[in-house]
Amino acid sequence: MKHTADKPSPVLINVQRILAGILILVTLIILAGTIYALIAKPGKKLPENDPVQGTFIQADGRIFTGIGRIRTSTAGTQPAAVIITIAFPYDPDDKSFSEELASRVARFRTETSRYFQGLTPDELRLKSEDELRRDLLGRYNDQLRLGFIDTLYITDYMIIE
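Residues numbered from 1 in each chain as written. Predicted model: local features only at pLDDT ≥ 70, side-chain atom pairs only at ≥ 80, totals over all residues. Heavy atoms only, no water.

Here's the deal with helix α2 (residues 95-103)
Regarding α2, the residues found buried are F97, S98, E100 and L101. Along the long axis of α2, the arc covered by the buried residues comes to 160°, so they all point the same way. (Buried < 20%, exposed > 50% of the residue type's maximum accessible area, 1.4 Å probe, protein only. Helix = DSSP H or I, 4+ residues; strand = E, 2+ residues; numbered from the N terminus. Arc of directions from axis to C-beta.)

Here's what the structure looks like:
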């Protein structure tokens, strides 16, 4: 009895060759990307984990924007709504202070709300932006132990009646 081996069809052979070519191409692309990432950009560092969320880089350091937009109300018989967004510069190299800032966001928000809830809309209109900044800066610095904030920026401020 003769044993004959079944030969695969020419179509199956062509499909196998195409799939092998695709596999080789994908492998080469992954290898080239790995080599490029390791060799082509040796001076570029991966970003470190920053404990402070909500920051953006400026030319001389970073600006902390993690407090976000605060919506609160004022005191008085006819309270108004206050919307304010606060930011401030900080030293990104001071890791302990950066971590303290991140942990104090809820307190900063609470202190801001308390400040505005203690004033009527008329009293707020009489205060200049510098006075608001000074008052809030003092409240924020009272919450900090490992450093202090030098400057406070008010990026949005509205009183809505």
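Here's the deal with the pairing of strand β4 (residues 81-90)
Among the ten residues in β4, eight count as buried, and that is most of the element. Two elements, strand β3 (residues 69-73) and β4, share five bridges in a ladder whose sense is antiparallel. The residue of β4 that forms the bridge with T72 is V82. (Pairing = 2+ DSSP bridges.)

With respect to the pattern of salt bridges
Scanning all chains against the criterion turns up nine salt bridges. The residue D122 makes a salt bridge to R125 at a minimum N-O spacing of 3.2 Å. Of the two residues, D122 and R125 both sit in helix α4 (residues 121-126), three residues apart, roughly one turn of that helix. Overall, the relative accessible area of 56% leaves D122 in the exposed class. The partly exposed category is assigned to R125, whose relative accessible area is 42%. The network of salt bridges with shared partners includes E111, R114 and R139. (Salt bridge = Lys/Arg side-chain N within 4 Å of Asp/Glu carboxyl O.)

Here we look at the packing of helix α3 (residues 105-117) against helix α5 (residues 129-143)
For the pair α3 and α5, interaxial distance at closest approach is 10 Å and the crossing angle is 140°. Taken together, the axes of α3 and α5 are oblique relative to one another. Here α3 and α5 pass one another in a crossing that is right-handed. Taken together, the residues of α5 that come into contact with α3 (itself represented by R107, F108, E111, T112, R114, Y115 and F116) are L132, D135, L136, R139, Y140 and Q143. Split into classes, the residues belonging to the contact of α3 with α5 amount to six nonpolar, two polar and five charged. (Axes fitted to C-alpha atoms, helices over the stretch in contact; angles between N-to-C directions. Parallel < 35°, antiparallel > 145°, perpendicular 65-115°, else oblique. Left-handed = near helix turned anticlockwise from the far one by under 90°. Contact = heavy atoms within 4.5 Å. Nonpolar A, V, L, I, M, F, W, Y, C, P; charged D, E, K, R; others polar.)

Topic: the side chain of S113
With respect to the helices and strands, the residue S113 is situated in helix α3. Sequence-distant contacts of S113, defined by excluding residues within four places in its chain, comprise I70 and T72.

A look at the packing of aromatic side chains
All chains considered together, the criterion is met by six aromatic pairs. With a centroid separation of 6.3 Å and an interplanar angle of 90°, the aromatic rings of F64 and Y90 are classed as edge-to-face. Taken together, the residues F64 in strand β2 (residues 61-64) and Y90 in strand β4 connect sequence positions 26 residues apart. For the pair F64 and Y90, a shared accessibility class is recorded, and that class is buried. Seen in terms of ring centroids, F88 and F108 are 6.3 Å apart; in terms of plane orientation they differ by 85°. Their pairing is edge-to-face. Placement of the pair is F88 in strand β4 and F108 in helix α3, with a sequence separation of 20 residues. Each member of the pair, F88 together with F108, is buried. Clustering of aromatic rings is evident, with ring pairs tying together F64, F88, Y90, F108 and Y140. (Phe/Tyr/Trp six-rings, centres within 6.5 Å; stacked < 30°, edge-to-face > 60°.)

Focus: the environment of Y115
On the secondary structure map, Y115 appears in helix α3. Ignoring sequence-local partners within four residues, the contact set of Y115 consists of K127, L132, D135, L136 and R139. Among the polar contacts listed, one links the side chain of Y115 to the side chain of D135, at a separation of 2.6 Å. (Polar contact = N/O pair within 3.5 Å; in protein donor to acceptor, adjacent residues only side chain to side chain.)

Notes on α5
Given a rise of 1.5 Å per residue, 15 residues ought to cover 21 Å, and the 21 Å separating the end C-alpha atoms of α5 matches this to within 8%. By the burial criterion, the buried members of α5 are L132, L136, L137, Y140 and Q143. Seen from one end, α5 has its buried residues packed into an arc of 125°, which puts them on one side. Among the exposed residues of α5, those oriented more than 90 degrees off its buried face are R134 and D142. For α5, the elements touching its buried residues are β4, α2, α3, α4 and β5 (153-160). (Expected span 1.5 Å × (residues − 1).)

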